Amino acid sequence: MTESDDFVSRVLDVVDSIPPGRVMTYGGVAAQVGSRAARAVGQVMARYGSDVAWWRVIRAGGHPPICHEGQALPHYRAENTPLLTTKTDAAYRVDYAAARWSPPA
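Summarised in this report is the structure supplied together with it. Bear in mind the structure is a predicted one, so any value in this text is a computation, not a measurement. (Residues numbered from 1 in each chain as written. Predicted model: local features only at pLDDT ≥ 70, side-chain atom pairs only at ≥ 80, totals over all residues. Heavy atoms only, no water.)

## Topic: helix 4 (residues 69-78)
The periodicity of an α-helix, 3.6 residues per turn, causes residues three or four positions apart to be oriented the same way. Convention followed: Here the term buried applies to any residue with accessible area under 20% of the maximum for its type, exposed to any over 50%, and partly exposed to those in between, with areas from a 1.4 Å probe on protein chains only. Helix and strand labels come from DSSP, where a helix needs a run of H or I of at least four residues and a strand needs a run of E of at least two; each type is numbered from the N terminus. Think of it as the arc spanned by the lines of direction from the helix axis to the C-beta atoms. Contacts were defined at the residue level, with two residues in contact if any of their heavy atoms lie within 4.5 Å.
Listed in full, the buried residues belonging to helix 4 are Ala-72, Leu-73 and Tyr-76. Axial view of helix 4: buried residues confined to an arc of 110 degrees, hence all on one face. Counted as exposed and oriented over 90 degrees from the buried face of helix 4: Gly-70 and Ala-78. The elements touched by buried residues of helix 4 are strand 2 (57-58), strand 3 (83-85) and strand 4 (92-94). Asn-80 sits one or two residues past helix 4 and shows a positive phi near 55 degrees.

Structure representation (structure tokens):
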């Protein structure tokens, strides 16, 4: 296994451990695996994240993954993830303060 394979597996393990209804940011996942590479976490999710709960990894502002807002919303609703919506409900964000998850030490 190469160093990059190890990074991929560690990222996917962290994402797989996020409970339903809870979220972590890309930066939070990176920190959990001992890195500061939030963008690298995003690349891992884009390439290898389809088999894990990818919607549980969000952008720092509470926004779902870019270009996956529509696919993520049914997952959030099914898991009762706390959401912040606009009056029109056309745009939404995850209520990060309420949904944030940190793995046990």
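## So, helix 3 (residues 38-48)
Among the residues of helix 3, Val-41, Val-44 and Met-45 are the ones counted as buried. What you see down the axis of helix 3 is that its buried residues fit within an arc of 95 degrees, all on one side. Opposite the packed face of helix 3, turned more than 90 degrees from it, sit the exposed residues Arg-39, Ala-46 and Arg-47.

## A word on the nonpolar core
This is how it is decided: Buried Ala, Val, Leu, Ile, Met, Phe, Trp, Tyr and Cys residues form a nonpolar core when they are joined through side-chain atoms within 4.5 Å.
Judged by nonpolar contacts, the single largest core of 29 residues is most densely connected at Val-11, Val-15, Val-29, Val-41, Met-45, Val-57 and Tyr-76. Elements with a contribution of two residues or more to this core: helix 1 (3-17), helix 2 (26-32), helix 3, strand 2, helix 4 and strand 4. Here the element with the most residues in this core is helix 1; it accounts for six residues. Sequence-distant contacts of Val-15, that is, excluding residues within four places in its chain, are made with Val-29, Met-45, Val-52, Ala-53 and Val-57.

## A few points about the environment of Gly-62
The residue Gly-62 is located in the loop between strand 2 and helix 4 in this model. With a relative accessible area of 0%, Gly-62 lands in the buried category. As a C-alpha pair, Gly-62 and Pro-82 span 20 residues in sequence and 10 Å in three-dimensional space.

## Observations concerning the pattern of salt bridges
Rule in force here: Put simply, a salt bridge is a Lys or Arg side-chain nitrogen that is within 4 Å of an Asp or Glu carboxyl oxygen.
As enumerated under the stated definition, the model contains three salt bridges in all. In this structure, Arg-10 engages Asp-6 in a salt bridge whose closest nitrogen and oxygen atoms are separated by 3.2 Å. Within this pair, Arg-10 and its partner Asp-6 are both found in helix 1, separated by four residues, close to a single helical turn. In this structure, the salt-bridge partner of Glu-69 is Arg-59, at a minimum N-O distance of 3.8 Å. Taken together, the residues span a long stretch of sequence, with Glu-69 in helix 4 and Arg-59 in the loop between strand 2 and helix 4 at a distance of ten residues. Residue Arg-59 is classed as partly exposed on the basis of its relative accessible area of 28%.

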